[in-house]
Amino acid sequence: EAQTIEAVLRDYTTEVATKVGSDILVCEDGSTDNTREVLQRLEAELPLRVVTNEARLGYGGGVKRGLLLADGDVLFFADAGGQYDPRDFWNLRQRMDEADMVIGVKTKREEAPHRILLSWGFHLLVRTLFDVPLRDIDCGFRLIRKEVVDAIVESVGDLPYSFWAEFSILAYRRGLRILEVPVSHRSRLNGTTSIYRWERLPQIVSRQFLGLAALSRRLRAKDMVGSR
């Protein structure tokens, strides 16, 4: 994210952090470009707390670490690629009194066709296996009460490519109040994803199937124990 992270953080600082009186926790996960150097420079100027990892934790591991380190009664999460408009934060915030978690729903997904197809298939599987009536279950733009994070985050681990989907499934199974609010979605400001490259798709699809099966077994076992 070296080419985009400064613009993204300045936008979120102006639109969100300064208006609500918060800081921004940035989780850098073993970057191989100069993202870390950009963050260190910005940390002296913007209300940032930068957490760095020498060894890569992956998306799920990085998100989990950030959620555990973040403080405040309500946490706002946004992916760092610049595809979400920080102004949509206010659309989520105005519904927070009604919910334990408010999730953005992309009104139009601005991504490559294979990403959209993968997402559609994954959402279909999730609805079939877990009967969770959420439209954009793995959206990386959401508000969550910290008590919900503390209760759930350590249980997430079966879906490394879909941290937020697993988090949402576990939250729904606990009977928590979840709302979805439409948000805009745009093309990446610069660069490309390092995860969903064509050569990695077979590995990702296989791992997702295995993860969904493992999560399904875990939840069924919990239901069986709970019904005794």
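Up top is the structure these notes are about.
J.: So what exactly am I meant to see when it comes to helix α1 (residues 5-20) here?
T.: For an α-helix, the turn length of 3.6 residues means that residues three or four places apart are oriented alike. Look at α1: 21 Å from first C-alpha to last across 16 residues, which is about the 22 Å you get at 1.5 Å a residue. When the local axis directions of α1 are compared, the greatest deviation, roughly 45 degrees, occurs at Thr13. Regarding α1, the residues found buried are Ile5, Val8, Leu9, Tyr12, Thr13, Glu15, Val16 and Ala17. Buried residues along α1 sit against β1 (24-29), α2 (35-43), β2 (48-53), β3 (74-78), α4 (89-93) and β5 (141-145).

J.: Looking at this model, I keep getting lost on the side chain of His123. Mind explaining?
T.: Here His123 is to be found in helix α5 (residues 113-130). The exposure class of His123 is buried, given its relative accessible area of 9%.

J.: Please explain the layout of surface pockets as it appears in this structure.
T.: One way to see where empty space is left: roll a probe the size of a water molecule over the atoms. Here the second largest pocket defines a volume of roughly 180 Å³. At the level of secondary structure, the elements contributing two or more residues to the lining of the second largest pocket comprise α6 (146-152), α7 (163-173) and α8 (201-227). If one sorts the elements of the lining of the second largest pocket by residue count, α8 sits on top with four residues.

J.: I tried to follow the sheet that holds β5 on my own but got confused; where do I start?
T.: As a general point, the strands of a sheet are linked pairwise by backbone hydrogen bonds and lie either parallel or antiparallel. Sheet architecture is open: four strands sit in the order β3-β5-β4-β6, paired in mixed fashion. Strand pairing shows two members of the sheet lacking a second neighbour, β3 and β6 (178-183), which therefore form its edges. On average, each strand axis in the sheet is inclined to that of its neighbour by 20 degrees, with strand direction left out of account. Of the strand pairs in this sheet, strand β4 (residues 101-106) and β5 are connected by three bridges, and their pairing is antiparallel. The residue bridging Met101 from the neighbouring strand is Ile144, located in β5.

What counts, and where the lines are drawn
Residues numbered from 1 in each chain as written. Predicted model: local features only at pLDDT ≥ 70, side-chain atom pairs only at ≥ 80, totals over all residues. Heavy atoms only, no water. Helix = DSSP H or I, 4+ residues; strand = E, 2+ residues; numbered from the N terminus. Expected span 1.5 Å × (residues − 1). Bend = angle between axes of the 7 residues up to and from the residue. Buried < 20%, exposed > 50% of the residue type's maximum accessible area, 1.4 Å probe, protein only. Contact = heavy atoms within 4.5 Å. 1 Å grid on protein atoms, 1.4 Å probe; cavity = no way out; pocket = protein on both sides within 12 Å on 5 of 7 lines; lining within 4 Å. Points joined across faces, edges and corners; volume = space filled by probe spheres on them. Pairing = 2+ DSSP bridges. Axes fitted to C-alpha atoms, helices over the stretch in contact; angles between N-to-C directions.

The values are spatial; any link to function lies outside them.
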